[in-house]
Amino acid sequence: MTDSNKQANNKINNKEKSSLLTFLYVGSTANGFSEDTRRVFIINLFASVGVLFTFPLGIVSIWQGKTLLGSSLLAIAVLYSLNHIYLRHTHNHKLSGDFVIYPLYILMIYLVYTGGVNGTGHVWVYCVPAVALFLHGMKRGLIELAFFTLALIFVMYFMDSRFSEFGYHETLKSRILFSFIVVVFLSGIYEYSMSRFNQELKETTTKLKLYAYTDPLTGLFNRRGMLQRLELSTEKSIYLLLADVDFFKRINDEYGHDVGDYALTQLAKIFQESLPKEDDLVARWGGEEFLIAVCGQTEFEVFEFAETLRQRVASYEFSHLDLRFHMTLSFGIAVMNNTTSLREAITLADNRLYQAKRLGRNQTCRA
């Protein structure tokens, strides 16, 4: 096979795979594999499998003259097909899950009562526990399965369920019941372990995201976290204030890194307390540098804010154990808007910060 033929076959296979995934995910693959997307996928898979089984069995039943059974199976097939359409348009997996499980309960009881096709209706009840526990969780799922078990008992022992018509042994009913309870028990253990695993995975993912976007020392956004928030912002104009501690190396060299860490955490608190609005952001940009993002302010108001913050820090007495010391800040200001991108604004703020350093430190440069 030539390379061109291999490439053509790969394209066809990828297209077929993409079409199948699009069908199963009902168009939600672009949002990533979130919990909602996973549930949409599995519910649609349940419904699709239900159609594949109930539709041909319904046709066979009608062909054999079992009109009521065949009509019931075809009705389930139609309902599951409509459920796919509903799920595709709404992605409402909770209501769509109800469309899957409750008709399934009714169909299983009906199959046990009638015997289904050639007396095999009872073999399908074992799919119920896994579906119920997945769709409705441990508590609600087990409650519904308890009622379903009671319905099985009533149908098999207190109604004419036609078991004798197919020549089954009289112990079959109890075997069906006990084996179904065992499947419920095993499905419950599996669902419990999976729910615990998913919860721990979710907590771990949350922690990893926190570590990825948060500075561990100050609790502020780190560079990555700040860039993400700024890139997602819909504000037309955001002023960026890049602040750097003057002669911070002297503090580390003279008092030690523990004192330096204390100074940075105190600065972080001062910055957070001083933000003009709740929507404004502050991040530890790196080392002793901090980036503050302010929106909804004029250039003069931002400059006044920077000066007020600079003077507040300069007059603040940092106290750690028996040590007392002062620090000063230098600021560089730039604006991010329709004509100046985020990267360009950061570069401008950085250049103006170093201009403030060259002019003697402890001051603000905005141009």
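Each value, and the rule that gives it
Residues numbered from 1 in each chain as written. Predicted model: local features only at pLDDT ≥ 70, side-chain atom pairs only at ≥ 80, totals over all residues. Heavy atoms only, no water. Helix = DSSP H or I, 4+ residues; strand = E, 2+ residues; numbered from the N terminus. Buried < 20%, exposed > 50% of the residue type's maximum accessible area, 1.4 Å probe, protein only. Pairing = 2+ DSSP bridges. Expected span 1.5 Å × (residues − 1). Contact = heavy atoms within 4.5 Å. Polar contact = N/O pair within 3.5 Å; in protein donor to acceptor, adjacent residues only side chain to side chain.

## Observations regarding the side chain of N252
Residue placement: N252 occurs in helix α8 (residues 248-255). The exposure class of N252 is buried, given its relative accessible area of 15%.

## What to know about the sheet that holds strand β6 (residues 329-336)
Note: strands within a sheet are paired through backbone hydrogen bonds, in either parallel or antiparallel orientation. Reading across from one edge, β2-β3-β1-β6-β7 is the order of the 5 strands in this open sheet, with mixed pairing throughout. Of all the strands in the sheet, the pair left with one neighbour each is β2 (281-286) and β7 (364-365). The pairing of β2 with strand β3 (residues 289-295) spans 5 bridges and is classified as antiparallel. Bridged to G286 within β3 is E289.

## Brief notes about helix α6 (residues 172-213)
Between the first and last C-alpha of α6 there are 60 Å, a value that for 42 residues agrees with the 62 Å anticipated at 1.5 Å per step. On the buried face of α6, the contacting elements are α5 (128-158).

## What about the environment of Y239?
As for its placement among the helices and strands, Y239 is situated in strand β1 (residues 238-245). Look at Y239 and you get buried, because its relative accessible area is 12%. As a C-alpha pair, Y239 and T328 span 89 residues in sequence and 21 Å in three-dimensional space. Other than its neighbours up to four places away in sequence, Y239 contacts I292, A293, V294, Q297, T298, E299, V302, I333, A334 and V335. A polar contact of 3.4 Å, which involves the side chain of Y239, links it to the backbone nitrogen of E299.

## Overview of the environment of S187
On the secondary structure map, S187 appears in helix α6. A distance of 2.8 Å separates a polar atom in the side chain of S187 from the backbone oxygen of V183.

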